[in-house]
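Close look at the chain arrangement
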Amino acid sequence: MEQKHFYIYNPMQANFFVLNGIRVLEVGKGRKGDIYIKFPRNEKSEEVFARWIERGK
């Protein structure tokens, strides 16, 4: 089953998504008490995610 959202726990990665035009859907707390930022998972956010991965190489 394909996920419909990205749940980002890394604030630098979440900021990268925001700076690249991906809108925040929700900010919440995970099961372990850590904060997550929820983004839609679509063509544009997949592209931004790929750029995030590439920048780390």
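Residues numbered from 1 in each chain as written. Predicted model: local features only at pLDDT ≥ 70, side-chain atom pairs only at ≥ 80, totals over all residues. Heavy atoms only, no water.

With that settled, consider the side chain of Ser45. Relative to the helices and strands, Ser45 resides in helix H2 (residues 43-55). Under the relative-accessibility criterion, Ser45 is labelled buried at 0%. With residues near it in sequence (within four places) discarded, Ser45 still touches Phe6, Phe17, Ile22 and Pro40. (Helix = DSSP H or I, 4+ residues; strand = E, 2+ residues; numbered from the N terminus. Buried < 20%, exposed > 50% of the residue type's maximum accessible area, 1.4 Å probe, protein only. Contact = heavy atoms within 4.5 Å.)

Bridge analysis of strand S2 (residues 26-29) against strand S3 (residues 35-40) gives four bridges, and the strand direction is antiparallel. Within S3, the position partnered with Gly28 by the bridge is Tyr36. Counted along the chain from S2 to the antiparallel partner S3, the turn is five residues long, and its residue Gly33 has a positive phi close to 90 degrees. (Pairing = 2+ DSSP bridges.)

With that settled, the discussion passes to the pattern of salt bridges. Enumeration over the complete set of coordinates arrives at two salt bridges. Across the pair Glu46 and Arg41 runs a salt bridge, and its minimum N-O distance is 2.5 Å. Residue classification places Arg41 among the partly exposed residues on the basis of a relative accessible area of 28%. (Salt bridge = Lys/Arg side-chain N within 4 Å of Asp/Glu carboxyl O.)

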